[in-house]
Amino acid sequence: MKVSVIMPVYNEFRTFRKVLDRVRAAPLPAGCSKEIVVIDDGSTDGTPQALDEERSDGIVVAHHHTRNAGKGSAIRAGIRLASGDILLIQDGDLEYDPRDYAAILEPIVRGQADVVYGSRFLGAPVGMAWKNRLANRILTFTANLLYAAQISDEATAYKAFRASIVRELHLECRRFEFCPEVTAKLRRLGFHIHEVPIHYNARGIAEGKKIRARDGLEALWTLVRYRFTPLKNLRTTNSQR
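Engineer: Hey, could you go over the environment of Phe161 for me, with residue numbers and the actual values?
Structural biologist: Within the secondary structure layout, Phe161 lies in strand E6 (residues 159-162). The spacing of Phe161 and Ala202 is 41 residues in sequence and 24 Å in space, taken between C-alpha atoms. Setting aside residues up to four positions removed in sequence, Phe161 forms contacts with Asp85, Ile86, Leu87, Ile89, Ile108, Asp114, Val115, Tyr117, Val166, Phe178, Val182 and Leu186.

Next up, the structure:
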């Protein structure tokens, strides 16, 4: 099976090459190959130049937004470009550890799951500020209340899907609301979310963390909004499911 790692980046010059090296070296389940799809979301700090230098390597499929459109827009662009059987989301910083790929992908490869989230809270998250931990708990509680998701980490970046499933969703996200939108729509369409523990080392705003309080409120509203959206509006127009 082919795994497409979708990595949106925005002004991640300090960490981009290190993350890319880790993604390249990350182990996959037996029989899997890897494609890395990097979406530069209008960076102004040297990330585009670094990406251009890397795209000579056949593993990297590079794409540039001419202006910053948001993480959700970058992920949607990555989904369109990806050619793998499985799609896995990777942030462009060092908070998450690509050595967790095998554990995340194994349930899908074995046919035990269609969707897998890497849960920071089933593991031991390092350095997460109390306000971020609280926000995560609120979003997870809301996802479980509204969608019976039965998960421990709604806002984790590490999400993996069978490509055919995520392409069935009519995604509209532009910024950080990808996580609540994909969670809401998967559950509304009846997909079970499998979780595995992962490693996590939090970074702060001074280190480049971009999510803010308003993004948490937008995420909460996204969960509420899609609970009452008609099912026909959750699927792509060509979906027959």
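Engineer: Any details on the packing of aromatic side chains? Residues and values, ideally.
Structural biologist: What describes a pair of aromatic rings is the distance from one ring centre to the other and the angle between the planes of the rings. In this structure the tally under the stated criterion is 4 aromatic pairs. On the basis of an interplanar angle of 50° and a centroid distance of 4.9 Å, the ring pair of Tyr96 and Tyr158 is categorised as tilted. With Tyr96 in the loop between strand E4 (86-89) and helix H4 (101-109) and Tyr158 in the loop between helix H5 (130-147) and E6, this pair connects stretches of sequence that are 62 residues apart. As far as the burial class goes, Tyr96 and Tyr158 line up, both buried. Arranged with centres 5.1 Å apart and planes meeting at 65°, the rings of Tyr96 and Tyr200 form a pair that is edge-to-face. Taken together, the residues Tyr96 in the loop between E4 and H4 and Tyr200 in the loop between strand E7 (194-197) and helix H8 (213-227) connect sequence positions 104 residues apart. Among the residues examined, Tyr96 registers a relative accessible area of 4% and is labelled buried. The rings of Tyr96, Tyr101, Tyr158 and Tyr200 are connected pair by pair, giving a single aromatic cluster. Cation over ring: Arg227 sits above Phe228, and NZ or CZ is 6.0 Å from the ring centre.

Criteria and thresholds
- Residues numbered from 1 in each chain as written.
- Predicted model: local features only at pLDDT ≥ 70, side-chain atom pairs only at ≥ 80, totals over all residues.
- Heavy atoms only, no water.
- Helix = DSSP H or I, 4+ residues; strand = E, 2+ residues; numbered from the N terminus.
- Contact = heavy atoms within 4.5 Å.
- Phe/Tyr/Trp six-rings, centres within 6.5 Å; stacked < 30°, edge-to-face > 60°.
- Buried < 20%, exposed > 50% of the residue type's maximum accessible area, 1.4 Å probe, protein only.
- Lys NZ or Arg CZ within 6 Å of the ring centre and 35° of its normal.

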